[in-house]
Every structure is written in C-alpha cells, then in structure tokens.
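An overview of the molecular structure
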Amino acid sequence: MYPVTTIHYLALSAALLLIGTVGVLTRRNIVIILMSIELILNAVNINLVAFSHALSNINGQVFAIFVITDAVAEAAVGLGILIALFRNKETVQADEIDLLKW
Amino acid sequence: MLIDTVLFYIFAAMVLSGAIFTITRRSAVHSAISLICSLLGVAGLFLLQRAEFLFAVQIVLYVGGIMVLFLFVIMLVNLDLAAKARQFNRAWAVGIAAVAVVGAEMAWFLYRGRAAFHIAENGGAGLGSAAAGNTEMIADSLFSEYLLPFEIASVLLLVAVVGSVVMAKKRI
C-alpha cells in the first residue's frame, strides 16, 4: 500500500473543487449554491494545509485561517441577502430572479 | 504509516460522499447534514496533517457556526415550494466543461504518477518536530508577520456583521 503523499491531498482537493463548481453552476436553490461555495473554500483549505505540511512552512495554515474568516463573512452576508430576497420576491430559485435580464 | 493511509481514505470517502450528497439532494436540510459530514471529514484531514489548531477551528467555526446559521435560514425561509420544483437549471454545457477540465488534470496526474510532482514532496520531518506546538507557531506568525492582514480581517468581520443585520432587517 502506497504511503499518502501530497499529491493524494491535491487530487482530493481538485475533486472537491469540481463537485463544488458543478453545484454552483447547476443547482437552482440559492441555499444549496451557498453550500457549494463552502465546499469550494474547503477545497482551497485542504490544498493550503497540504502544502504547509509538505514544505514545513506554517504560512499555509495562517492563510487557511484567513480563508475561513472570509467564508464566515460570506456566509453571513449571503444568507442575509437570501432572507431579504425571499421577503421581496417570495422565491429562492436562482433563475427566477431575472430583474436585470432583457 | 499504514494507519495514516487507512484514515486518509476513510476521511476522503467522507468528504467526497458528503459533497456529492450535498449537491444532489432535493431537501435543503438533507444537503446541510451531508455538508456537515463533509466538513468533519476535512477536519479529520487537517488532523492527519498535524494542523491541530485548524482542526479545532474547522469543527467549532464551520460545523458549530456556519452550519447552524445555514439551518436557521433553512427554517426561516419557506423551502417547501422549492423542494417540489425542478432542481437543476439547464447549464449542462458549463458543468460538463468543468468536469472535463478537472478530469483531464486528474488523468494527467494518474498517468505521470507521483514523479510529476516531486517539488511538493515532503522534504523533512515536518512541522511537528519543532519545539513549539502548532497553535503557538500559528500565533507567532499571525501576530508578527501577518498582523496587518489580521486587523483587516477584523474590520471585514465587522462590516459583515453590520451588513447582514442591515440585509435581514425589515425596516432600518
């Protein structure tokens, strides 16, 4: 059995990024789109920590903390926007909110 | 070494299955529960790489904070109608293009093997061998080298707090 190396983590991170991207692009429900964005940010974190471990450098983990901070801010504001949107338009489907469309 | 490998595959299976269930379930609550499973798997991967502080932050902040926020909003917003509607929009071309790009990347990695990525291989004993603990090293770096970004992050969080209250409030 092969030992787990950095490339295993990178492949996992790429797969998680792919799943998150497909979720953002194809789902209609805004709540699930926001969850897919969390998946994408977690893929970035796996990447950062893997390189931090491989290169014996702590900076990657500090960057991961900043990414988590951004994820928290994004989730709070995004869900606030979602509540305001639901109050005004009574829908959570992303493709029904087409006020700016021709 | 063997236990590390086994644990890696267990956590990787948790992460990927949780992620796939997150984007395919009809009910938003089921998606949120699957996402919690996925985030716990990511926390386990952090622990495998000896990032103990990030492991704790991941569980306390993501699973304890963000996911509770998501569940609150799911309960607040009426999603019954959305659960009965069509779940996917018709952006299949973009989705397939994204799958193809990442699939090509993975295939290249599998074809070339680990030798294609020798620059990232573990050079030494890793961070764990240092005298200071993981949390102490992160604090040292965060409060000396990254002090300005740290302060900017606090301003960002303040803006996010004010912004989300303004968004969600009925009348200001």
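Residues numbered from 1 in each chain as written. Chains lettered and ligands numbered in written order. Predicted model: local features only at pLDDT ≥ 70, side-chain atom pairs only at ≥ 80, totals over all residues.

1. Some thoughts on the overall build of chain A
- Secondary structure summary: chain A contains 3 helices and 0 strands in total.
- Along chain A, helices (α) and strands (β) appear in the sequence α-α-α when read from the amino end.
- By the compact-globule yardstick of 13 Å for 102 residues, chain A is too spread out, its C-alpha radius of gyration being 17 Å.
- With respect to the three principal axes, the spread of C-alpha positions in chain A is 55 × 25 × 25 Å.
- Within chain A, the proportion of its 102 residues that are buried is 57%. (Helix = DSSP H or I, 4+ residues; strand = E, 2+ residues; numbered from the N terminus. Rg over C-alpha atoms; globule rule 2.2 N^0.38 Å. Buried ≥ 20, exposed ≤ 12 C-beta atoms within 10 Å, placed from the backbone.)

2. Let's talk about the overall build of chain B
- Per the secondary structure count, chain B includes 7 helices and 0 strands.
- Listed by position from the N terminus, the elements making up chain B come as α-α-α-α-α-α-α.
- Look at the contacts in chain B between residues 6 or more apart in sequence, and 53% of them connect residues 24 or more apart. (Contact = placed C-beta atoms within 7 Å.)

3. Structural notes on helix α2 (residues 28–48) of chain B
Residues and elements named next belong to chain B.
- Taking 1.5 Å of rise per residue, the 21 residues of α2 would be expected to cover 30 Å, and the 30 Å separating its terminal C-alpha atoms lies within 8% of that figure.
- For α2, the full list of buried residues reads A28, S31, A32, S34, L35, S38, L39, G41, V42, A43, L45 and F46.
- Where α2 ends, the next residue or the one after it, R50, has phi of about 60°, a positive value. (Expected span 1.5 Å × (residues − 1).)

4. A look at the domain arrangement of chain B
- Considered domain by domain, chain B is made up of domain 1 (1–88), domain 2 (91–119) and domain 3 (131–172).
- Just the C-alpha atoms count here: the centres of domain 1 of chain B and domain 2 of chain B sit 24 Å apart. (Domains from an automatic or database assignment.)

5. Digging into the interface of chain B and chain A
- Contacts between the two partners involve 74 residues from chain B and, on the opposite side, 62 residues from chain A.
- Broken down by secondary-structure element, the contributors of at least two residues to the side of chain B that touches chain A are α1 (2–24), α2, α3 (52–76), α5 (92–112), α6 (134–144) and α7 (147–168) of chain B.
- With 11 residues, α1(B) is the largest single contributor of residues to the side of chain B that touches chain A.
- For the side of chain B that touches chain A, a count of residues per class yields 52 nonpolar, 16 polar and 6 charged. (Nonpolar A, V, L, I, M, F, W, Y, C, P; charged D, E, K, R; others polar.)

6. Notes on the packing of helix α3 (residues 59–89) of chain A against α6(B)
- Two numbers describe how α3(A) lies on α6(B): the axes approach to 9 Å, and their chain directions differ by 70°. Viewed along their axes, α3(A) and α6(B) adopt a mutual orientation that is roughly perpendicular. Contacts between α3(A) and α6(B) pair N59(A), Q61(A) and V62(A) from the former with I138(B), S141(B) and L142(B) from the latter.
- Per-class residue counts for the contact of α3(A) with α6(B) are 3 nonpolar, 3 polar and no charged. (Axes fitted to C-alpha atoms, helices over the stretch in contact; angles between N-to-C directions. Parallel < 35°, antiparallel > 145°, perpendicular 65-115°, else oblique.)

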